[in-house]
Amino acid sequence: MNKKEILLARHFETLAMVYAVIAMALGVFYREFTKFSGFAGRTSLSFLHTHYFALGMVFFLILRYCQRHLQDFPILAFNIAAKQYFFYTRSISSFMIQW
């Protein structure tokens, strides 16, 4: 792996960790907010915790695995610029969709 691929791998790992921390914070916020307000029904806050774990953390960990272990497949061997474009587009669109 060259320096650019290592840097991109670190971005994937860092972003997965950021999504995990955000997911945990949202889970605690959901639990404490509904307990404090005495609300017993279903809210959209409960889905944010799951979405940030599944669509954020797990997705970027899968991308990291694919980048590391599946480089010989032509469909996954796209260039660094395409990976960076996908990285930023996915991050921005994920944030916009979930809020």
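In the block above lies the structure referred to throughout.
The structure presented is a predicted model; accordingly, all values stated were derived computationally and were not measured. (Residues numbered from 1 in each chain as written. Predicted model: local features only at pLDDT ≥ 70, side-chain atom pairs only at ≥ 80, totals over all residues. Heavy atoms only, no water.)

Caption draft 1: View of the overall build of the protein. Along the protein, the regular secondary structure elements total three helices and zero strands. Reading the secondary structure of the protein in the N-to-C direction produces α-α-α. Scored against the burial criterion, the 99 residues of the protein give a buried share of 30%. Of the roughly 7,100 Å² of accessible surface on the protein, 70% is carried by carbon and sulfur atoms. (Helix = DSSP H or I, 4+ residues; strand = E, 2+ residues; numbered from the N terminus. Buried < 20%, exposed > 50% of the residue type's maximum accessible area, 1.4 Å probe, protein only. Areas by Shrake-Rupley, 256 points an atom, 1.4 Å probe, with all protein chains shown as cover.)

Caption draft 2: Up close: the packing of helix 1 (residues 3-37) against helix 2 (residues 45-69). Between helix 1 and helix 2, the least distance of the axes is 8 Å, while the angle of their chain directions is 165°. Between helix 1 and helix 2, the angle falls in the class roughly antiparallel. Like other packed secondary-structure pairs, helix 1 and helix 2 cross with a definite hand, here left-handed. Considering only residue class, the contact of helix 1 with helix 2 consists of 22 nonpolar, five polar and three charged. (Axes fitted to C-alpha atoms, helices over the stretch in contact; angles between N-to-C directions. Parallel < 35°, antiparallel > 145°, perpendicular 65-115°, else oblique. Left-handed = near helix turned anticlockwise from the far one by under 90°. Nonpolar A, V, L, I, M, F, W, Y, C, P; charged D, E, K, R; others polar.)

Caption draft 3: Helix 1, seen in detail. Over its 35 residues, helix 1 runs 50 Å from end to end, which matches the ideal 51 Å to within 8%, given 1.5 Å per residue. Those residues of helix 1 not exposed but buried are E5, L8, A9, F12, L15, A16, Y19, A20, A23, L26, G27 and T34. (Expected span 1.5 Å × (residues − 1).)

Caption draft 4: How the structure looks around the packing of aromatic side chains. Inspection of every chain in the model, using the stated rule, returns five aromatic pairs. Their ring planes at 35° and their centres at 6.0 Å tell us that F12 and F60 sit as a pair that is tilted. You can see F12 sitting in helix 1 and its partner F60 sitting in helix 2, a full 48 residues away along the chain. The pair formed by F12 and F60 is uniform in burial state, with each residue classed as buried. (Phe/Tyr/Trp six-rings, centres within 6.5 Å; stacked < 30°, edge-to-face > 60°.)

Caption draft 5: Highlighting the side chain of R64. One can find R64 in helix 2. Not counting the four nearest positions on each side in its chain, R64 is found in contact with A9, F12 and E13. (Contact = heavy atoms within 4.5 Å.)

Caption draft 6: Representation of the environment of F33. Note that F33 resides in helix 1. As a C-alpha pair, F33 and L45 span 12 residues in sequence and 9.5 Å in three-dimensional space.

Caption draft 7: Layout of a nonpolar patch on the surface. Together, M17, V21 and M24 line one region of the surface with nonpolar side chains, adding up to about 300 Å² of accessible area. Following the sequence through the fold, V21 ends up in helix 1. Classification of V21 by relative accessible area gives partly exposed; the value is 46%. (Patch = residues over 30% accessible without salt bridge, like charges linked within 9 Å, V, L, I, M, F, W, Y side chains within 5 Å. Salt bridge = Lys/Arg side-chain N within 4 Å of Asp/Glu carboxyl O.)

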